[in-house]
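# Remarks on the overall topology
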Amino acid sequence: MSGTVRFEKWHHRIDTAENALIFPDGCRDVLVVREQGKREKVLLTDLDFQPRIAELAAGTHITGFRLRPGGVVEDEVLQAIERDCERAEDILGNVLDETNDLDDVIVALTLPQSTVERASKQAGVSVRTLQRRFREQGLPPPEYWRLLARARRAAGLLATEVPLVEIAAVCGFSDQAHMTRDLQRWFGRSPAQLRRDPDSLSLLSQPALGNWIGEQISTR
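Starting afresh in each chain, residues are numbered from 1 along the sequence in its written order. With pLDDT at 70 or above as the cut-off, local features in this predicted model cover only qualifying residues; side-chain atom pairs require 80 or more to be listed or tallied, and sums for whole chains, interfaces and linings still use all residues. Derived side-chain values reflect all non-hydrogen atoms in the structure, with water molecules and hydrogen atoms excluded from consideration.

### Details of the sheet that holds strand 1 (residues 7–13)
The pairing of strands in a sheet comes from backbone hydrogen bonds and takes either a parallel or an antiparallel form. Basically, it comes down to this: Any two strands with at least two DSSP bridges between them are considered paired. For helices the rule is a DSSP run of H or I covering at least 4 residues; for strands it is a run of E covering at least 2, with both sets numbered from the N terminus onward. The angle between two axes is taken between their N-to-C directions and runs from 0 to 180 degrees, where each axis is a line fitted to C-alpha atoms and a helix contributes only its stretch in contact. Any two residues whose heavy atoms approach within 4.5 Å at even a single point are treated as in contact.
Ordered in space as 1-6-3-4, the four strands form an open sheet in which the pairing is antiparallel. Each edge of the open sheet carries a strand with a single partner, namely strand 1 and strand 4 (41–44). Taking the axes of each pair of neighbouring strands and ignoring which way they run, one obtains an average angle of 20 degrees across the sheet. Sheet topology note: the strand 1/strand 6 (residues 61–67) ladder contains seven bridges and is antiparallel. The residue of strand 6 that forms the bridge with Trp 10 is Gly 64. Sitting on the sheet, helix 1 (residues 75–83) touches strand 3 (29–34) and strand 4, and the angle it makes with strand 4 is about 155 degrees. Strand contacts of helix 2 (residues 88–95): strand 1, strand 3 and strand 6, with the helix running at about 155 degrees to strand 1, the strand carrying the most contacts.

### Regarding the packing of aromatic side chains
Two measures describe an aromatic ring pair: the distance that separates the ring centres and the angle between the ring planes. Just so we agree on the cut-off: Only the six-membered ring of Trp is used, alongside the rings of Phe and Tyr, when aromatic pairs are assigned; centres must lie within 6.5 Å, and planes under 30 degrees apart are stacked while those over 60 apart are edge-to-face, with the rest tilted. The buried label applies to any residue whose accessible area, calculated with a 1.4 Å probe on protein chains only, is under 20% of its type's maximum; exposed applies above 50%, and partly exposed to all values in between.
The full count for this structure, using the stated rule, is six aromatic pairs. Pairing Phe 23 with Phe 187 gives two aromatic rings, centres 5.6 Å apart and planes at 80 degrees, and the pair type is edge-to-face. You can see Phe 23 sitting in the loop between strand 2 (18–22) and strand 3 and its partner Phe 187 sitting in helix 8 (residues 176–187), a full 164 residues away along the chain. Both residues of the pair, Phe 23 and Phe 187, count as buried.

### Things to note about the side chain of Thr 60
Applied cut-off: By the criterion applied in these results, polar contacts are pairs of N or O atoms within 3.5 Å in which, for protein atoms, one can donate a hydrogen and the other can accept it, and in which residues neighboring in sequence qualify only through two side-chain atoms.
Relative to the elements of secondary structure, Thr 60 occurs in the loop between strand 5 (52–56) and strand 6. Looking at Thr 60, its side chain comes within polar contact range of the main-chain oxygen of Ala 57, at 2.7 Å. Each residue touching Thr 60, except ones within four places of it in the same chain, is listed here: His 12, Arg 13, Ile 14, Val 33, Arg 34 and Glu 35.

Given below as structure tokens:
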């Protein structure tokens with residue numbers, strides 16, 4: 001798999017109550033949530049298929065660990081972190097050290113002009129076998145990763161001055177209208193709306209599917 005980083009650590013402190021916009025990114029996050037007057041709790045986020053709003057109370061502090069695309073941890077790991085939140089980074093580092101056998105497949109599905117058939121051939125298995133492997137690991141099917149990665153790649157290029165029609169072609173959409181439908185499906189906004197929204201583009205540029213650590217979005 002490209003790169004060796006298994007997770008990306010981040011922090012978010014909420015001074016006043018907020019509704020945080022969450023875009024689908026192909027990653028789960030382990031969250032250590034500290035709310036005023038409450039005991040720390042540890043959560044594992046789900047994989048999203050559409051935008052959602054997270055309601056955050058004032059005074060909340062979140063330490064997050066964004067797992068590599070497709071990464072997951074078992075319940076006992078979350079329980080171990082909850083028992084000793086200060087060691088969360090070490091605990092995750094120990095259990096996420098090994099490469100998942102679908103890591104390379106997910107990376108292959110994020111590449112421009114990728115297809116499930118091509119990725120399965122590269123993995124040396126049939127499409128049906130590949131679909132079964134994703135299902136056995138509790139992950140969405142291969143097509144989820146291909147389509148979301150394509151949409152995120154296009155969204156990443158919206159921060160540039162590349163014309164929309166060229167972005168659509170570079171990212172493998174049949175035309176600009178096809179790209180518009182897909183971005184509205186995944187992110188709830190058209191390419192033109194996203195292009196006028198730097199905050200959303202900043203969220204979509206964070207390390208995630210198609211733009212994980214060590215990978216760069218490019219028009220080439």
